[in-house]
Amino acid sequence: MSGSSSQGSLHALADRWLPKLVLSPTLAASLIFVYGFIAWTGWLSFTESRLMPRYEWAGFVQYQALFENERWWTAAANLGLFGGLFILFCLLVGLLMAVLLDQKIRAEGMLRTIYLYPMALSFVVTGTAWKWMLNPDMGLQKVVVDLGFTDFTFDWLVNPDMAIYTVVIAGVWQSSGFVMALFLAGLRGIDDSIIKAAQVDGASLPTIYRRILIPSLRPVFFSVLLILSHIAIKSFDLVMALTGGGPGNSSDVPAIFMYQFAFTRGQLGVGAASAMMMLFTIVAVLVPLMYMETRSAKRV
Amino acid sequence: MFKNLTVGRALVYAALLLMAIYYLLPLYVMLTTSFKSLDDIREGNMLALPQAWQGGAWAKAWAEACTGVECNGMQGFFWNSIKMTLPAVAISTLLGAVNGYVVSMWRFRGSDALFTMLLVGCFIPFQVVLLPMAQLLGLLGLANTTAGLVLVHVVYGTAFTTLFFRNFYITVPDELVKAARIDGAGFWTIFFRILLPISGPIFVVCIIWQFTQIWNDFLFGVVFASGESQPITVALNNLVNTSTGVKEYNVDMAAAIIAALPTLFVYMVAGRYFVRGLTAGAVKG
């Protein structure tokens, strides 16, 4: 060691302050761009802001306007419907594929690649592709009609009652492979000896899955639920590309509502209020899930 | 035991194959449609191969298709996305690496709380920051610029990259760093000499994740950019929803594939790391 004592203490001083110094730009950015901006949006939601932001307190007028807006309730109901079905089908399809792929499948690598590639695509690309597939004149409907089923109609994309379900179809297509990957990783992480012991006891394979393997996936299950509900609440690009929220407002979701009121209709206050409602929804859904996730992770 | 049940195995394979077809169908339809003529599309069947393979739709999607008022195809927007994605990925990854190094190896009083505070940025719906961000970018003169989008993506991407590197570095044994400190190595020496050489895999995971996220982003692009500075996802959406004249589905599909090519390419060459990133990002928090 060649360092004199003064050099050594300089070193020590640097080591004490450098970590904090290095972290500080990111912390400052987080304070401003996350916490500060949330507060800013929150403040805007309590003002009379329309085309331009204003900062005088106006109470709950924007929330009142939001809750009296029928379109907002359409968007909220659609989010519930889309979110519920999207999560349900992603879980079912993902779990089924994971269990099937876990059976020492010959071409597992290739199949996994195929199931997962939609995750690499932008939701806009997915929406564009499915918009074409579901085209009532020239898409899948025509394929079935050409097969001889001349009465077959599949017009969900332009049917106000059904348009939101097309978003479910495309969303599940995009995200279920990812759920499969998470479940498969979970299944592979389970100790083989548990399975062997159950087999010795004479349990059949379906029973082993139903009673032992799938229940032990609880922590994975919560992570998946967390991610899927996050995707669902934020969903914007997919709906924009697939239905644009239409026909009419029939497939509107909160993210589109917020974007249009804040940026194309000049209703900043209502936009801010709807953004805050989205934040509350995320908190209300994610916090209990995170709590359950950490609890179940501890138990296993 | 399942091995001998050949009927059962056949069913498993059949189900898996059916799923594979379901996932591949949209890609197949996109590809074949993009090579068809409009007459072929109108008269033929969506699942049929093109009667004559034509590249015209691709040329048009790249250089002539209308994305609103402009009719210069996707080319300019493709470069916009590259100019936005590369710096944003590089900066956010490097920041994440040093941040992750600090919160895992140089913990100080309150650093865990600060890390948790950072993580919140991974979970917020971005709608809640859009209005202030638009104001700020306007003030800074960065509205409708690629530089503005780079800033936004760095700011909101760093929480994820920090998490990636932190989760990687906490698996490195403490003794390694302690020994180096006793030998007189300082903050940066330890980072550059000891940690960086073993960080290859996590850099790949993080870069792929950020690249996919930023390239595929639509929300920030549509809110903070307009006209010439739009990223490719926004241009694609405009192209598909431009309702002037005859709808050219073959051009739509070619444009969609062009927008998807970079991330698909990354997935094909580094799929293993891509999956690892997804699962690592998934077990956050």
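Residues numbered from 1 in each chain as written. Chains lettered and ligands numbered in written order. Predicted model: local features only at pLDDT ≥ 70, side-chain atom pairs only at ≥ 80, totals over all residues. Heavy atoms only, no water.

This part takes up the overall build of chain B. Looking only at helices and strands, one finds 13 helices and zero strands in chain B. Going from the N terminus to the C terminus, chain B shows its helices and strands as α-α-α-α-α-α-α-α-α-α-α-α-α. Computed over the C-alpha atoms, the radius of gyration of chain B is 24 Å, more than 25% above the 19 Å expected from 2.2 N^0.38 for a compact globule of 285 residues. Once the C-alpha set of chain B is aligned to its principal axes, its extents read approximately 75 × 70 × 30 Å. Evaluated residue by residue, chain B yields a buried proportion of 54% over its 285 residues. Contacts spanning at least 24 positions in sequence make up 71% of the contacts within chain B whose residues lie at least 6 apart. Per element, the accessible surface of chain B, about 12,200 Å² overall, is 67% carbon and sulfur. (Helix = DSSP H or I, 4+ residues; strand = E, 2+ residues; numbered from the N terminus. Rg over C-alpha atoms; globule rule 2.2 N^0.38 Å. Buried < 20%, exposed > 50% of the residue type's maximum accessible area, 1.4 Å probe, protein only. Contact = heavy atoms within 4.5 Å. Areas by Shrake-Rupley, 256 points an atom, 1.4 Å probe, with all protein chains shown as cover.)

Below, the discussion takes up the domain arrangement of chain B. All names here are of chain B. Once the domains are mapped, chain B shows domain 1 (7-54) and domain 2 (75-278). Taking only C-alpha atoms, the centre of domain 1 and the centre of domain 2 are 33 Å apart. If you look at the interface, domain 1 gives nine residues, while domain 2 gives nine residues. When domain 1 packs against domain 2, the two sides together hide about 710 Å² of surface, and 81% of this comes from carbon and sulfur. Of all residues in domain 1, the largest losses of buried area upon contact with domain 2 belong to Met30, Ser34 and Leu38, amounting jointly to 61% of the total for that side. Taken together, domain 1 and domain 2 are joined by zero salt bridges. At the junction of domain 1 with domain 2, the criterion picks out one residue pair in polar contact (both at pLDDT 80 or more). Listing elements by their share of the side of domain 1 that touches domain 2, those giving two or more residues are α1 (6-34) and α2 (38-43). Classifying every residue of the side of domain 1 that touches domain 2 gives four nonpolar, three polar and two charged. (Domains from an automatic or database assignment. Buried area = accessible area lost by both parts, 1.4 Å probe. Salt bridge = Lys/Arg side-chain N within 4 Å of Asp/Glu carboxyl O. Polar contact = N/O pair within 3.5 Å; in protein donor to acceptor, adjacent residues only side chain to side chain. Nonpolar A, V, L, I, M, F, W, Y, C, P; charged D, E, K, R; others polar.)

Right, let's get into the interface of chain B and chain A. Each partner contributes residues to the interface: chain B has 88 residues there, and chain A has 92 residues. At the boundary of chain B with chain A, total buried surface from both sides reaches about 8,000 Å², with 77% on carbon and sulfur atoms. When the buried area of chain B at its contact with chain A is split by residue, Tyr23, Met46 and Leu131 of chain B rank highest and sum to 10% of it. Applying the counting rule to chain B against chain A returns zero salt bridges. Our count for the chain B to chain A interface comes out at 26 residue pairs in polar contact (both at pLDDT 80 or more). When residues of the side of chain B that touches chain A are assigned to their parent elements, the largest contribution, 16 residues, is made by α1 of chain B. Among the residues making up the side of chain B that touches chain A, the classes are represented as 64 nonpolar, 17 polar and seven charged.

Residue and element names in this part refer to chain A. Structurally, the position occupied by glycine 59 is in the loop between α1 (5-44) and α2 (61-67). Classification of glycine 59 as buried rests on a relative accessible area of 12%. Sequence separation between glycine 59 and aspartate 151 is 92 residues, and the spatial gap between their C-alpha atoms is 56 Å.

Right, let's get into the UniProt feature "transmembrane region" (unreviewed entry) in chain B. All names here are of chain B. The UniProt entry lists residues 12-31, 84-102, 114-134, 146-169, 190-211 and 253-275 under the feature "transmembrane region" (unreviewed entry), expressed in the numbering used here. Within the segment residues 12-31, helix and strand shares are 100% and 0% respectively, and the terminal C-alpha atoms sit 29 Å apart. End C-alpha to end C-alpha, residues 190-211 measures 28 Å, and it is 82% helix and 0% strand. (UniProt positions renumbered as here; feature names shortened; annotations may be inferred.)

Moving on, we come to empty space enclosed by the protein. All names here are of chain A. On inspection of all chains with the given rule, the structure shows two cavities of 30 Å³ or more. The calculated volume of the second largest cavity comes to roughly 40 Å³. As for the second largest cavity, its lining consists of Phe82, Phe86, Phe123, Gly171, Ile231, Ser235 and Leu238. In the lining of the second largest cavity, the residues fall into five nonpolar, two polar and no charged. (1 Å grid on protein atoms, 1.4 Å probe; cavity = no way out; pocket = protein on both sides within 12 Å on 5 of 7 lines; lining within 4 Å. Points joined across faces, edges and corners; volume = space filled by probe spheres on them.)

Our next topic: the packing of helix α5 (residues 111-123) of chain B against helix α7 (residues 146-169) of chain B. Residue and element names in this part refer to chain B. Between α5 and α7, the least distance of the axes is 8 Å, while the angle of their chain directions is 125°. Here α5 is positioned oblique relative to α7, judged by the angle of their axes. For the element pair α5 and α7, the recorded crossing hand is left-handed. The segment α5 lies against α7, with Phe115, Leu118, Leu119, Gly121 and Cys122 engaging Ala159, Phe160, Thr162, Leu163 and Arg166. Residues that form the contact of α5 with α7 fall into these classes: seven nonpolar, two polar and one charged. (Axes fitted to C-alpha atoms, helices over the stretch in contact; angles between N-to-C directions. Parallel < 35°, antiparallel > 145°, perpendicular 65-115°, else oblique. Left-handed = near helix turned anticlockwise from the far one by under 90°.)

Mapped onto the present numbering, the UniProt feature "domain: ABC transmembrane type-1" (unreviewed entry) falls at residues 76-291 of chain A. Taken end to end, residues 76-291 of chain A has its terminal C-alpha atoms 25 Å apart, with 72% of it in helix and 0% in strand.

Attention now moves to the packing of aromatic side chains. For any pair of aromatic rings, the description rests on two quantities: the centre-to-centre distance and the angle between the ring planes. As enumerated under the stated definition, the model contains 46 aromatic pairs over all chains in all. On the numbers, 5.6 Å between centres and 45° between planes, the contact of tryptophan 43 of chain A with tryptophan 57 of chain A is tilted. Of this pair, tryptophan 43 of chain A sits in helix α1 while tryptophan 57 of chain A sits in the loop between α1 and α2; the two residues are 14 residues apart in sequence, bridging distant segments of the chain. On the accessibility criterion, tryptophan 57 of chain A (53% relative accessible area) is exposed. Taken together, the ring pairs connect Tyr115, Tyr117, Trp130 and Trp173 of chain A together with Tyr22 and Tyr23 of chain B into an aromatic cluster. Seen from the ring of tryptophan 17 of chain A, lysine 20 of chain A lies directly overhead, with NZ or CZ sitting 5.1 Å from the centre. (Phe/Tyr/Trp six-rings, centres within 6.5 Å; stacked < 30°, edge-to-face > 60°. Lys NZ or Arg CZ within 6 Å of the ring centre and 35° of its normal.)

This part covers the UniProt feature "transmembrane region" (unreviewed entry) in chain A. Residue and element names in this part refer to chain A. The UniProt feature table records "transmembrane region" (unreviewed entry) at residues 21-43, 79-101, 113-133, 162-187, 220-242 and 268-291. With 100% helix and 0% strand, residues 79-101 has end C-alpha atoms that lie 32 Å from one another. Between the C-alpha atoms that bound residues 220-242 there is a distance of 30 Å. The span itself is 91% helix and 0% strand.

Our focus in this paragraph is the pattern of salt bridges. The tally for this structure, following the rule as stated, stands at nine salt bridges over all chains. Aspartate 102 of chain A is the partner of arginine 188 of chain A in a salt bridge, and the nearest nitrogen-oxygen pair spans 3.0 Å. With arginine 188 of chain A in helix α7 (residues 163-188) and aspartate 102 of chain A in the loop between α3 (70-101) and α4 (108-116), this pair connects stretches of sequence that are 86 residues apart. With a relative accessible area of 18%, aspartate 102 of chain A lands in the buried category. Between lysine 247 of chain B and aspartate 252 of chain B there is a salt bridge, with its nearest N and O atoms 3.2 Å apart.

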